[in-house]
Amino acid sequence: MLKYISALVAPVIIFAILGCADGDDNTSEIEEIPVNTSEADYTYLALGDSYTIGESVCSTCRFPIQLKEQIEEQTGSTVETDIIATTGWRTDDLINAISAEKPSENYDFVTLLIGVNNQYQGRSFSQYENEFPQLLMTAINLAKGEKNRVIVVSIPDYAYTPFGQNSGNPEQISEEIDAYNTYAREVAERRGVRFVNITDITRRGIAEPNLVARDGLHPSEDAYAEFTERLSPFVLSLLREQS
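Thresholds, definitions, all that
- Residues numbered from 1 in each chain as written.
- Predicted model: local features only at pLDDT ≥ 70, side-chain atom pairs only at ≥ 80, totals over all residues.
- Heavy atoms only, no water.
- Core = buried A, V, L, I, M, F, W, Y, C linked by side-chain atoms within 4.5 Å.
- Buried < 20%, exposed > 50% of the residue type's maximum accessible area, 1.4 Å probe, protein only.
- Helix = DSSP H or I, 4+ residues; strand = E, 2+ residues; numbered from the N terminus.
- Contact = heavy atoms within 4.5 Å.
- Pairing = 2+ DSSP bridges.
- Salt bridge = Lys/Arg side-chain N within 4 Å of Asp/Glu carboxyl O.
- Axes fitted to C-alpha atoms, helices over the stretch in contact; angles between N-to-C directions.

Novice: I keep staring at the nonpolar core and nothing clicks. Help me out?
Specialist: The nonpolar side chains of a soluble globular protein tend to be buried, and buried together. Within the largest apolar cluster, 68 residues are counted, with the highest numbers of intra-cluster contacts made by Leu-47, Leu-94 and Phe-132. Top element by residues in this core is helix α9 (residues 221–242). It accounts for 8 residues. Setting aside chain neighbours within four positions, we find Leu-94 in contact with Leu-47, Gly-48, Ile-84, Trp-89, Leu-112, Ile-114 and Leu-135.

Right under this line is the structure:
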């Protein structure tokens, strides 16, 4: 798995998904990024897959790091950011990685974005129905046990990329992504957790090719910047409430 290291420094490896091209400078190499956690004002954990680790974009272009930087800029505070995510992960892979990593249950906020690989790899929808609620409860536990510190991010729609358009049935991809997102929203709202939709941003990918990374599949830095604009007001509000 890949982790943007804070308290623990460890080697990390990223694996390819969906036949992607190599990225510019981050997604096929080992990263070791020590951060002095004792100096951070806030802690943030991002849980997910290729959309969280930022396949085919630079290491500072992925949305968790853009979000970290925006929060720091707007608050004048420092944010320690950990990422548990790897390209290709399904819900079960993320469950296993969290179990292996044993992260602290003391994060100020947590984002969760997972499910595209369950859909792409043709897994039973029932697997997502069983494992997504488990991941959501884990995210709440990692966020000091407080549901208002967790944000579920919707799954992007890769049908609106050159890869998706050439897949043979982009309409089916979109329908299935909608089903996953509808379920994730229902579970999140039932648990009192905020759900933030970013799928519509990715559905502009054919009309606005700048929103697609150079691999023709994943979101670009510009798309992640728009994700960040959606997420940051909620994080800022949370942090102000906790101050």
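Now that the structure has been shown, we can carry on.
Novice: How do you make sense of unusual backbone geometry when you look at a structure like this?
Specialist: Of all residues except glycine, most have a negative phi; of all peptide bonds, most are trans. The backbone of Ser-56 shows a phi angle near 70 degrees, a positive value even though the residue is not glycine. Relative to the assigned elements, Ser-56 resides in the loop between α1 (50–53) and α2 (63–75). On the accessibility criterion, Ser-56 (3% relative accessible area) is buried.

Novice: Looking at this structure, how should I read the pairing of strand β1 (residues 42–48)?
Specialist: Looking down a regular strand, the side chains alternate between one sheet face and the other. The element β1 is extensively covered by neighbouring structure, given that 7 of its 7 residues are classed as buried. Across the two faces of β1 the burial is the same, with Tyr-42, Tyr-44, Ala-46 and Gly-48 and Thr-43, Leu-45 and Leu-47 all buried. Judged from the 7 bridges that link them, β1 and strand β2 (residues 79–85) form a sheet pairing that is parallel. Directly across from Leu-45, in β2, lies its bridge partner Asp-82.

Novice: Mind showing me how you'd approach the pattern of salt bridges here?
Specialist: Pairs can form between side chains of opposite charge whenever their charged atoms are close. Tallied over the entire structure, the rule returns 12 salt bridges. Two residues, Lys-144 and Asp-108, come together in a salt bridge whose shortest N-O distance is 2.8 Å. In this pair, Lys-144 is assigned in the loop between α5 (125–142) and β4 (150–153) and Asp-108 in the loop between α3 (91–101) and β3 (109–112), connecting sequence segments 36 residues apart. Residues joined in a network through salt bridges with shared partners are Asp-108, Lys-144, Glu-146 and Arg-149.

Novice: Mind showing me how you'd approach the sheet that holds β1 here?
Specialist: Neighbouring strands of a sheet are bound in pairs by backbone hydrogen bonds; such pairs are parallel or else antiparallel. Pairing is parallel across the open sheet formed by 5 strands, whose spatial order is β2-β1-β3-β4-β5. Bordering the open sheet on either side are β2 and β5 (194–196), each of which pairs with just one other strand. With strand direction ignored, the average angle separating the axes of adjacent strands in the sheet is 20 degrees. Running at roughly 170 degrees to β2, α2 makes contact with β1, β2 and β3 of the sheet.

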